[in-house]
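What follows is the residue order along each chain.
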Amino acid sequence: MAGRSEKNKKSPFTAILIVIIIVCLAVIFALKVLPEITKKENTDQTSAVSQETSEESDSSSKDNQTEAKEELEDTITYKGKKYKYNNHLTNTLILGIDKASNDGVEIGSAEAGQSDSLYLISVDRVTEKVTQIKIPRDTMTRIEKFYNDGTSAGYSTDHISLQFGYGDGKFESCKLTKEAVENLFYGIRITDYCAVNMDCITALAALAGEVKVVVPDDSLEYKYPEFKAGEEVTLTEENTEIFVRSRDTDTTQSSIARDGRQNAYIDAYMELTKQRASEDIHFLTDIYETIEPYMTTNMNNGQFIKLLDQIVFNSEREVLQLPGEGVETELYDEYHVDDDALYEMVIDVFYTEVE
């Protein structure tokens, strides 16, 4: 079974490129921080899956009935109003994986890594409105688990980040995660997916070059005096990881401050990117070619570049987060979804009211 992380204690985004950058930065966090705070290794939990499943098998069918969300129909009535699913939407799932390479990974081996960043991007092809929904990695939902031999061990509620790990690290992992997200969102249709692994980090840093950032807080000053709140600093391949990853683990909620630094870097990176894209019509293609060796996607390069262009230069966008709350358990952080609020979000984003 893929490993879970122990208690892991955004400024508007302007493009799918931002999501990919976030994904790659999150990989840095997962690569360097999570190993320090993980109580169980992947192999330990993999060997335990057969025991867990045997204990859960008697109640599995009942649990699955309650865990699986009731799918919404194409036409629904809610609070006295009629709604129809918007067939003009293209829904894309973006994943950031905490592993460098997944060559030769077999289903059930639990060696595919975890999706530490999950974003659902919805584009209305008629109105061109873009909606981005962040899905916390610790979201508790229904996922499919597998034995080491690749056979299904059934479904149970667990961290959504684990679903990717039960696949092959590529297309099967993406499909498994896509299905879990579709179920979480009451059966909405996700047509496209893109998973980026950690090898992309260096390539993106090289593409960015020097990025000037205003330090948003003093959360790093205790160790790095140059990162004083309010100061403008120049981030390069040498110090970007420190700026976006480091945190004081002895400080409560230190990851929140780290998120602020991450957002500051992303904003600055995007300003630089938008400038270059406006000066060079081939820059979006360069971005795709830079990322392509490190990602798994069912989109061809034409679709991907069109989506980049559509989002980068589109002014109408909405940034949302999966509604719910973080809950600290004895061993792990969990994110519990507010089902009522999510139901209304799904109707608002993916449906249109029928007159």
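You'll find the structure just up there.
A brief report on the enclosed structure follows. Since this is a predicted model, take the numbers as computed values, not measurements.

Conventions and cut-offs
- Residue positions are given per chain, counting from 1 as you read along its sequence in written order.
- Only residues with pLDDT of at least 70 are given local features in this predicted model, and only at 80 or more are side-chain atom pairs given and counted; all residues enter the totals for whole chains, interfaces and linings.
- Excluded from the side-chain calculation are hydrogens and water; included are all heavy atoms of the structure.
- Helix and strand definitions follow DSSP, with helices as H or I runs of at least four residues and strands as E runs of at least two, each counted in order from the N terminus.
- Here's how the labels work: a residue is buried when its accessible area is under 20% of the maximum for its type, exposed when over 50%, partly exposed in between, all with a 1.4 Å probe on protein chains only.
- Side-chain atoms alone can form a polar contact between residues adjacent in sequence; in general such a contact is a pair of N or O atoms within 3.5 Å, and within protein one must be able to donate a hydrogen while the other accepts it.
- Any two residues having at least one pair of non-hydrogen atoms within 4.5 Å are treated as being in contact.
- Following DSSP output, two strands are said to pair if at least two bridges run between them.
- For a helix, the expected span equals 1.5 Å multiplied by the number of residues minus one.
- A side-chain nitrogen of Lys or Arg and a carboxyl oxygen of Asp or Glu constitute a salt bridge if their distance falls within 4 Å.

From N to C terminus, the protein includes nine helices and 15 strands. Classification of the 355 residues of the protein by burial places 53% in the buried group.

A separate point is the side chain of Ser 173. Its location among the elements puts Ser 173 in helix H3 (residues 171-184). Overall, Ser 173 belongs to the buried group, its relative accessible area being 0%. A distance of 3.5 Å separates a polar atom in the side chain of Ser 173 from the backbone nitrogen of Gly 167. In this structure Ser 173 touches Ala 112, Phe 164, Gly 167 and Asp 168, once residues within four positions along its chain are discounted.

Turning to the pairing of strand E1 (residues 75-78), a few remarks are in order. Regular strands place their side chains on alternate faces of the sheet. As paired elements, E1 and strand E2 (residues 81-85) share four bridges and run antiparallel to each other. Looking at E2, one finds that Thr 77 is bridged to Lys 82. In this antiparallel pair of consecutive strands, E1 and E2, the connection spans two residues, and Lys 79 shows a positive phi of 55°.

With 12 residues, helix H9 (residues 339-350) ought to run about 16 Å at 1.5 Å a step, and its terminal C-alpha atoms sit 16 Å apart, in line with that. Taken together, the buried positions of H9 are Leu 342, Met 345, Val 346, Ile 347, Val 349 and Phe 350. Where H9 starts, the residue carrying a side-chain oxygen 3.3 Å from the main-chain nitrogen of Asp 340 turns out to be Asp 338.

The residue Tyr 288 is located in helix H7 (residues 283-291) in this model. As a C-alpha pair, Tyr 288 and Gly 302 span 14 residues in sequence and 9.7 Å in three-dimensional space.

Only one face of strand E9 (residues 211-214) is buried, namely the one carrying Val 211 and Val 213, since none of Lys 212 and Val 214 on the opposite face is buried. Here E9 pairs with strand E10 (residues 232-235) via four bridges, running antiparallel. Residue pairing across strands places Lys 212 opposite Thr 234, the latter belonging to E10.

With that settled, the discussion passes to the pattern of salt bridges. In the structure shown here, the tally under the stated rule is seven salt bridges. Between Arg 189 and Asp 74 there is a salt bridge whose closest N-O contact spans 2.2 Å. Of this pair, Arg 189 sits in the loop between H3 and strand E8 (192-196) while Asp 74 sits in the loop between helix H2 (42-67) and E1, and the two are 115 residues apart along the sequence. We note a salt bridge from Asp 158 to Lys 145, for which the minimum N-O separation is 2.9 Å. Here Asp 158 is found in strand E7 (residues 152-159), whereas its partner Lys 145 is found in strand E6 (residues 140-146), with 13 residues between them in sequence. Assessed through its relative accessible area of 2%, Asp 158 is described here as buried.

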